[in-house]
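Listed below are the residues making up each chain.
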Amino acid sequence: MNVVDSHCHLDYPGLAEDLAGVIARAEGAGVRLMLSIGTRVKKFDQVLALAEQYENVFCTVGTHPHNAAEEPDVTADDLVRLAQHPKVVGIGEAGLDYHYDLSPRDSQARSFRVHIEAARRTGLPLVIHSRNAEADTAAILEEEMRKGAFKPLLHCFSSKAELARRGLKVGAYVSLSGILTYKNAEDIRETAREVPMDRLLVETDAPYLAPVPYRGKSNEPAFVVKTLEKLAEVKAVTAEEMANATSRNFFALFDKVPKPGWVP
Ligand SMILES: [Zn+2]
Ligand SMILES: [Zn+2]
């Protein structure tokens, strides 16, 4: 089985200390490629350094909504310039997080729109973080899409079905995390049933949100296989079919990543 972990944070504590081991275990589990996601532009160098070190690691550049107030001066020009590097294949993660509200909502929204502009100008996908912010996320996506197309990815999908539906309408892909495997996540599984096979991705969001049976432990890319298997069950296909579909979708969306021979 060949799987892509479309969202992890390899520079974070819990993964960075033993990255060679983390990557070896991922490869042993069939995880052929990992996308390490930026959360602070001022720490982007560290994210990029890891992507440069490993052939099967790529990265994105951006400011997480938690950190939006910390990085008010990041411009679309900055993001576009940093995205020129061949290992940078996406913009983000950016978006709205009203669960923690770690940055004021207006600065989250302003940063989100800056990232959208960078995604539009580069043609690279935008990795969107949205938590407890369905209506505002969807409204910004729809409004910005009318100004000019870009490629949205709703990562770690854990919102109400409404956001998936409105996202799908503007061309978004939807990525499922370990939350899909949690006992109380029937609503997420129901939403996943609605998402067409050609719009689905899987991710770990490691070191967070380890899937069952590793729930509570530090997550790592190897565990994405558990989420993939659950998604296959939800969609009533084999794990192999789901691995093929999600890998195909990943390379269709992140088309700056050179497509390896194993992609179906
Ligand atoms: Zn996120
Ligand atoms: Zn993340």
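Structure's up top.
Quick notes on the rules
Residues numbered from 1 in each chain as written. Chains lettered and ligands numbered in written order. Predicted model: local features only at pLDDT ≥ 70, side-chain atom pairs only at ≥ 80, totals over all residues. Heavy atoms only, no water. Donors = N, O, S within 2.8 Å, 3.2 Å for Na, K, Ca; no water. Tetrahedral: all angles 85-135°; square planar, octahedral: opposite > 155°, others 65-115°. 1 Å grid on protein atoms, 1.4 Å probe; cavity = no way out; pocket = protein on both sides within 12 Å on 5 of 7 lines; lining within 4 Å. Points joined across faces, edges and corners; volume = space filled by probe spheres on them. Helix = DSSP H or I, 4+ residues; strand = E, 2+ residues; numbered from the N terminus. Nonpolar A, V, L, I, M, F, W, Y, C, P; charged D, E, K, R; others polar.

Caption draft 1: Region of interest: the coordination of the zinc ion (ligand 2). Donor atoms from the polypeptide that bind the zinc ion (ligand 2) are His-7 (NE2), His-9 (NE2), Glu-93 (OE) and Asp-205 (OD), placed at 2.1 to 2.5 Å. Geometry at the zinc ion (ligand 2) is irregular, judged from the four donor atoms that bind it and their angles of 85 to 177° at the metal. Counting along the primary sequence, the residues that act as donors to the zinc ion (ligand 2) give the motif H-x1-H-x83-E-x111-D. Here the zinc ion (ligand 1) and the zinc ion (ligand 2) are spaced 3.4 Å from one another, each receiving a donor from Glu-93.

Caption draft 2: Just the layout of surface pockets, in detail. Roughly 760 Å³ of internal volume is contained in the largest pocket. If you trace the largest pocket, you find 32 residues lining it, with His-129, Arg-131, Cys-156, Ser-158 and Leu-209 closest to the centre. Of all the secondary structure elements, the ones that give two or more residues to the lining of the largest pocket are β4 (88–97), β5 (126–131) and α7 (186–194). Classifying every residue of the lining of the largest pocket gives ten nonpolar, 13 polar and nine charged. Taken as a whole, the second largest pocket spans an internal volume of roughly 200 Å³. In terms of lining, the second largest pocket is formed by Glu-27, Val-31, Arg-32, Leu-33, Glu-55, Asn-56, Phe-58, Lys-87, Val-257, Pro-258, Pro-260 and Trp-262. Considering each element in turn, the lining of the second largest pocket owes the most residues, three residues, to strand β2 (residues 31–36). Its residues assigned to classes, the lining of the second largest pocket comprises seven nonpolar, one polar and four charged.

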